[in-house]
Amino acid sequence: MVSFILGTTFLLSSLLPHGSHGFAPSSSTRHVVGGHSSIPTSSLTTHHMFTGIIEEMGEVISLETRDDMTLWDGSKGKGTEMVLKGDIVLDGAYLGCSISVNGVCLTATEIDEDAKTFKVGLAPETLRKTNLGTYVPESQQRVNMERASEIGGRNSGHFVQGHVDNVGTIMDQWIDENSLFFKIAFPYEFMRYVVPKGFIAIDGTSLTVCDVHSEGEDGENWFTFMLVEYTQKKIILPSKKVGDTVNVEVDVLGKYSERAWEAFVPKMEALETKVKQLEARLQELEGGESTASSSSATDNDVNYGQPIGGLSNVAAAATAPTPEQVKVKNTDGTEWVRTKQSFFDTQY
């Protein structure tokens, strides 16, 4: 299992660009057209992920559901759009770039540099799996934001996809000296991916799991984590209270490991079955040999220089080996000599 995780990590790193040390293309390569930003296609990079290191806390400006959105074939469909305000995340932003909003990977569809705002679409699956649909713009709720980073550079967090698994609910929170602890209730089906001291992304923030408690589908299932003093002032979590929800993304390497293990187990079970069959067959053969040998003479009963009893007439006609050496003729006609002890130790 460990070797697979290391192999997966190596594979990911080998597929990603090397020598990059920043985020999306810098502002020097951008073109502003009609108040919106875009960059040449040739300047775009293709491999992006997030690190879970939040760059700023942005603000939800509007959340609107429309039924006049134009689809790929020209027809109209219903959809939800959110407008957000940010500063750092717009540095190097371009139409179609990925921005993490509370841990959700979203695509910028419009960018207004003057107002420092950008628009994203919220798919039905996004609304089902995350808490973004619960935000009320009038309350000036803030969200965690991070630009997509080019993997191959420094990663101070962990591999965060921005693909939220489900929402968790804050059960409790308490202070431990300068640390702020949270206890999160989480669906049982995902608890197998949550391990003590493992990675987890909470509202897009890369954090370390402290304790894990899982009682099954009908019992309590929760985990804890804590925020150090610096992190408390850089993300939105401390402003949340018991009963509020958080977006949770488990460590994707755990999922890959599980999927690989599921494919490996049937092959392992088939191999174990075959080994047992071979062992059983071997025991049958050994049992038959021991029965046959019990009726023949023992080593001490061998009369060297005389025919060995119990053999066939043809074999009995041969002379038994001398006590000092045994000459054996190979199939190619050559002869080689072994000692008497070597003769005894060999099972014919």
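Just so you know, the residues in each chain are numbered from 1, in the order the chain's sequence is written. Restriction of local features to residues with pLDDT of at least 70 applies here, the model being predicted, together with a cutoff of 80 or more for giving and counting side-chain atom pairs; totals for whole chains, interfaces and linings are based on all residues. Note that the side-chain values use all heavy atoms of the structure and ignore hydrogens as well as water.

**Observations regarding the sheet that holds strand β4 (residues 56–70)**
The following threshold applies: Two strands are said to pair when DSSP picks up at least two bridges between them. Put simply, DSSP marks the helices as runs of H or I at least four residues long and the strands as runs of E at least two long, and each gets a number from the N terminus on. Helix axes are fitted to C-alpha atoms over the stretch in contact, other axes to C-alpha atoms as well, and angles between N-to-C directions run from 0 to 180 degrees.
Taking strand neighbours around the barrel as the criterion, the six strands line up as β4-β5-β8-β7-β6-β9 in a closed arrangement whose pairing is antiparallel. Strand after strand, the sheet turns through a mean of 50 degrees between neighbouring axes, direction not considered. In this structure, β4 lies alongside strand β9 (residues 142–147), joined through four bridges in antiparallel fashion. Paired with glutamate 59 across the bridge in β9 is arginine 142.

**Overview of the state of the cysteines**
This is how the line gets drawn: Defined by distance alone, a disulfide is two cysteine sulfur atoms within 2.5 Å.
Applying the stated criterion across every chain, the model contains zero disulfides. The thiol of cysteine 105 is not disulfide-bonded; the next cysteine sulfur, from cysteine 97, is found 9.5 Å away.

**Focus on the sheet that holds strand β14 (residues 205–214)**
On the basis of which strands lie adjacent, the closed barrel formed by six strands has the order β11-β12-β15-β14-β13-β16 and antiparallel pairing. Ignoring which end each strand starts from, the neighbouring axes of this sheet average 45 degrees apart. Where strand β11 (residues 166–176) lies against strand β16 (residues 245–250), four bridges are found, and the strand directions are antiparallel. Looking at the pairing, threonine 169 lines up with threonine 245 of β16.

**Some details on the pairing of β11**
Pairing of β11 with strand β12 (residues 179–185) involves seven bridges; the strand directions are antiparallel. When the bridges of β12 are listed, isoleucine 170 appears paired with isoleucine 184. Here β11 hands over to β12 after two residues, with glutamate 177 in that stretch at a positive phi of 55 degrees.

**Comments concerning the packing of aromatic side chains**
Aromatic ring pairs are described here by two measures, namely the spacing of the ring centres and the angle between the planes. What counts is decided by this rule: Working definition: a ring pair exists when centres of Phe, Tyr or Trp rings (six-membered ring for Trp) sit within 6.5 Å. Plane angles under 30 degrees give stacked, over 60 give edge-to-face, the rest tilted. Each residue's exposure class comes from its accessible area (1.4 Å probe, protein chains only) as a fraction of the maximum for that residue type: buried when under 20%, exposed when over 50%, partly exposed otherwise. Criterion for a charge above a ring: Lys NZ or Arg CZ within 6 Å of the ring centre, and within 35 degrees of the ring normal.
Taken as a whole and judged by the stated rule, the model has six aromatic pairs. An angle of 10 degrees between the planes, with centres 5.3 Å apart, marks the rings of tryptophan 174 and phenylalanine 181 as stacked. Ring centres 5.5 Å apart and planes at 15 degrees place the aromatic pair phenylalanine 182 and phenylalanine 225 in the stacked group. In this pair, phenylalanine 182 sits in strand β12 while phenylalanine 225 sits in strand β15 (residues 221–227), placing the two residues 43 residues apart along the sequence. Relative accessible area serves as the criterion here: at 0%, phenylalanine 182 is assigned to the buried category. Exposure remark for phenylalanine 225: the relative accessible area of 0% places this residue in the buried category. Among the aromatic residues, those joined into a cluster by ring pairs are Phe182, Phe186, Phe190, Phe223 and Phe225. The positively charged end of lysine 183 is found above the aromatic ring belonging to tryptophan 222, 4.4 Å away from the centroid.

**A short note on the confidence of the model for the protein**
As a reminder of what qualifies: Residue-level confidence of the predictor, termed pLDDT, takes values from 0 up to 100. By definition in these notes, contact holds between two residues if any of their heavy atoms fall within 4.5 Å.
Summing up the model confidence of the protein, the mean pLDDT is 77 and the portion of residues at 70 or higher is 67%. Note that pLDDT drops below 50 for residues 1–6; the model gives that stretch seven contacts with residues more than four away or on any other chain. Note that residues 323–328 has pLDDT below 50 and, in this model, 18 contacts with residues that lie over four places away or in other chains.

**Observations regarding the pattern of salt bridges**
As a reminder, the rule being used: A pairing counts as a salt bridge when a side-chain nitrogen of Lys or Arg comes within 4 Å of a carboxyl oxygen of Asp or Glu.
Enumeration according to the criterion identifies 15 salt bridges in this entry. The residue lysine 119 makes a salt bridge to glutamate 81 at a minimum N-O spacing of 3.6 Å. Here glutamate 81 lies in strand β5 (residues 76–85) and lysine 119 lies in strand β8 (residues 117–122), a separation of 38 residues in the sequence. Each member of the pair, lysine 119 together with glutamate 81, is buried. In this structure, the salt-bridge partner of arginine 128 is glutamate 125, at a minimum N-O distance of 2.9 Å. Taken as a pair, arginine 128 and glutamate 125 lie in helix α2 (residues 124–129) at a separation of three residues, close to a single helical turn. Overall, the relative accessible area of 59% leaves arginine 128 in the exposed class. Here the salt bridges share partners, and the residues they tie into one network are Arg66, Asp68, Glu81, Glu110 and Lys119.

**Notes on the nonpolar core**
A general tendency of soluble globular proteins is for nonpolar side chains to be buried together. The condition that has to hold: What we call a nonpolar core is a set of buried Ala, Val, Leu, Ile, Met, Phe, Trp, Tyr and Cys residues that are connected through their side-chain atoms within 4.5 Å.
In this structure, Leu84, Val101 and Phe118 are the most contacted members of the largest nonpolar core, which totals 23 residues. Within the residue set of this core, elements represented by two or more residues are β5, β6 (98–101), β7 (104–112), β8 and β9. At four residues, β7 tops the list of elements feeding residues into this core. Apart from the residues lying within four places of it in its own chain, the contact partners of leucine 84 are Glu59, Val60, Ile61, Val101, Lys116, Thr117, Phe118, Val120, Val143 and Met145. Ile184, Tyr193, Val194 and Val209 belong to the second largest nonpolar core, which has 22 residues in total.

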